[in-house]
Amino acid sequence: MTTLKVPGATIYHEVRGTGPTLLLICGGVYDAAGYAGLARALADRYTVHTYDRRGNSRSPLDGPDAAQSLPEHADDAAALLDLAGDGPAYVFGNSSGAIIGLDLAARYPGKVRRLVAHEPPLFDLLPERDTLMAMVDEVEKTFAAEGPAAANAVLQRGLDMGPADDAQERAPGGGPAETPDPETLAMFGRLEHNFGFFIGYEVPPFSRYVPDYAALRGVDIVPAAGEASVGQPPHRAALALGERLGTAAASVPGDHGGFGQQVPAFAARLDGLLRAQ
């Protein structure tokens, strides 16, 4: 456990295991603890790096909370890979973490050995794009006028994903298949601030982000979609990303938070996707 100073923030990060570098990028309201189970399951095969994204939990901004720049988050990921220092790395990102991974791959292709992008909410790829963008505008306005709870309600109605959506994650490890471990339980106490930060300062700019698809064609990318989230916007976006990049999206266990709800099965599947020839 250590910290890394980057422009505008201090990043808390953890390292486990031995083997080739694997960076796990979280999304939503959670932090490095959300990947604790997955990281432990993969630590016998990889040197696994997890971290709290800037503005969340133990990675404070230098100044007050403010709208986030997705490229800055990708720069943070690149800085962590530089710290690892062993060449191109495997990368896994879930939800908004998958979008960060895509920007990392587009702008720093030499740092990414293979990216598995799990259900990135790329609204620009969906046929209801205009409706979703209008919903994001309403989230932003509602947050300013009424606060995060009211803004989250707008987001949940717009995404129609139930309790497992990216705005109100079932804490990884807290799904029906597993009991939360101590690290996840400790994370619960950090989520109140993360929730407001995510709804107010990440959802609007991240939702409007459009990747450089031309640049991504030169990087080894595997879009991934959950077996239990068929029909939800992030699942459909993963399929559409595969079509855009000319590759088939892979199926992985569980839903949008399957990496935390079905850890052994998800870890085995992710390992296979990362190492597939």
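Heads up: the structure comes first, above all this text.
Keep in mind it's a predicted model, so treat the numbers as computed, not measured.

S.K.: What's the story with the overall build of the protein chain in this structure? I'm lost.
M.R.: Across its full length, the protein chain carries 11 helices and 8 strands. Its C-alpha radius of gyration of 17 Å places the protein chain within 12% of the 19 Å reference for a compact globule of 277 residues. Residues counted as buried form 58% of the 277 residues belonging to the protein chain. Partitioning the contacts of the protein chain with sequence separation of at least 6, the portion at a separation of at least 24 is 76%. Summing over all exposed atoms, the protein chain offers an accessible surface of approximately 10400 Å²; the carbon and sulfur share of this is 54%.

S.K.: Looking at this model, I keep getting lost on the packing of helix α2 (residues 70–84) against helix α3 (residues 96–107). Mind explaining?
M.R.: A pair of packed helices can be characterised by two numbers: the angle between their axes and the separation between those axes. Across the interface, α2 lies against α3 with an axial gap of 8 Å and an inter-helix angle of 70°. One element, α2, and the other, α3, form an angle in the roughly perpendicular class. For the pair α2 and α3, the contacting residues are Leu 70, Pro 71, His 73, Ala 74, Asp 75, Ala 77, Ala 78 and Leu 81 in the first and Ile 99, Ile 100, Asp 103, Leu 104 and Arg 107 in the second. By residue class, the composition of the contact of α2 with α3 is 9 nonpolar, 1 polar and 3 charged.

S.K.: What exactly am I supposed to notice about the sheet that holds strand β7 (residues 221–226) here?
M.R.: Adjacent strands of a sheet pair through backbone hydrogen bonds, lying either parallel or antiparallel. Taken in spatial order, the 8 strands line up as β1-β2-β4-β3-β5-β6-β7-β8 in an open sheet, and their pairing is mixed. Single-partner strands in this sheet number two, and they are β1 (2–6) and β8 (250–252). Pairs of neighbouring strands in the sheet enclose a mean axial angle of 25°, with direction left out of account. Relative to strand β5 (residues 89–94), strand β3 (residues 21–25) runs parallel, the two being bridged by 4 bridges.

S.K.: Which parts of the structure should I look at to understand the packing of aromatic side chains?
M.R.: A ring pair, where both rings are aromatic, is described by two values, the distance of the centres and the angle of the planes. Inspection of every chain in the model, using the stated rule, returns 10 aromatic pairs. Residues Tyr 30 and Phe 259 carry aromatic rings whose centres are separated by 5.7 Å and whose planes lie at 35° to one another, so their mutual orientation is tilted. Taken together, the positions of Tyr 30 in the loop between β3 and α1 (36–42) and Phe 259 in helix α10 (residues 258–261) put the pair 229 residues apart, joining distant regions of the chain. Judged on exposure class, the residue Tyr 30 and its partner Phe 259 are both buried.

S.K.: What exactly am I supposed to notice about the environment of Arg 113 here?
M.R.: Looking at where Arg 113 falls in the secondary structure, it is placed in strand β6 (residues 112–118). Relative accessible area serves as the criterion here: at 44%, Arg 113 is assigned to the partly exposed category. Taking the C-alpha atoms as reference points, Arg 113 and Thr 21, 92 residues apart in sequence, are found 9.5 Å from one another. Every residue in contact with Arg 113, bar those within four places of it in the chain, is listed here: Pro 20, Pro 88, Ala 89, Tyr 90 and Asp 220. Among the polar contacts made by the side chain of Arg 113, one reaches the side chain of Tyr 90 at a distance of 3.3 Å.

S.K.: What should I look at first to understand the environment of Val 252 in this one?
M.R.: Positionally, Val 252 belongs in strand β8. Taking relative accessible area as the criterion, Val 252 reaches 3% and is therefore assigned buried. In the structure, Val 252 is positioned 210 residues away from Leu 42 in sequence and 16 Å away in space, judged by C-alpha atoms. Apart from the residues lying within four places of it in its own chain, the contact partners of Val 252 are His 118, Ala 224, Ala 225, Gly 226, Glu 227, Phe 266, Arg 269 and Leu 273.

S.K.: I'm lost on helix α7 (residues 191–207) in this one. Help?
M.R.: Count 3.6 residues to each turn of an α-helix, and residues three or four apart come out pointing the same way. For α7, spanning 17 residues, the distance from its first C-alpha to its last is only 21 Å, which falls clearly below the expected 24 Å at 1.5 Å a residue. Roughly 40° is the biggest bend found in α7, and it falls at Phe 198. Among the structural elements, α2, α3, α4 (129–146), α5 (148–159) and α6 (182–188) are those in contact with the buried residues of α7.

S.K.: Please explain the pairing of β7 as it appears in this structure.
M.R.: Within a regular beta strand, the side chains point alternately toward one face of the sheet and then the other, so they alternate between its two faces. Across the 6 residues of β7, 6 count as buried, placing the element largely inside the fold. On β7, burial covers both faces: Ile 221, Pro 223 and Ala 225 on one face and Val 222, Ala 224 and Gly 226 on the other are all buried. Where β6 meets β7, 4 bridges bridge the pair, whose relative direction is parallel. From the neighbouring strand, Ala 117 faces β7, where its bridge partner is Pro 223. Where β7 lies against β8, 3 bridges are found, and the strand directions are parallel. Paired with Ala 225 across the two strands is Ser 251, which belongs to β8.

Scoring rules and cut-offs
- Residues numbered from 1 in each chain as written.
- Predicted model: local features only at pLDDT ≥ 70, side-chain atom pairs only at ≥ 80, totals over all residues.
- Heavy atoms only, no water.
- Helix = DSSP H or I, 4+ residues; strand = E, 2+ residues; numbered from the N terminus.
- Rg over C-alpha atoms; globule rule 2.2 N^0.38 Å.
- Buried < 20%, exposed > 50% of the residue type's maximum accessible area, 1.4 Å probe, protein only.
- Contact = heavy atoms within 4.5 Å.
- Areas by Shrake-Rupley, 256 points an atom, 1.4 Å probe, with all protein chains shown as cover.
- Axes fitted to C-alpha atoms, helices over the stretch in contact; angles between N-to-C directions.
- Parallel < 35°, antiparallel > 145°, perpendicular 65-115°, else oblique.
- Nonpolar A, V, L, I, M, F, W, Y, C, P; charged D, E, K, R; others polar.
- Pairing = 2+ DSSP bridges.
- Phe/Tyr/Trp six-rings, centres within 6.5 Å; stacked < 30°, edge-to-face > 60°.
- Polar contact = N/O pair within 3.5 Å; in protein donor to acceptor, adjacent residues only side chain to side chain.
- Expected span 1.5 Å × (residues − 1).
- Bend = angle between axes of the 7 residues up to and from the residue.

Note that all results are geometric; they support no functional claim without further evidence.
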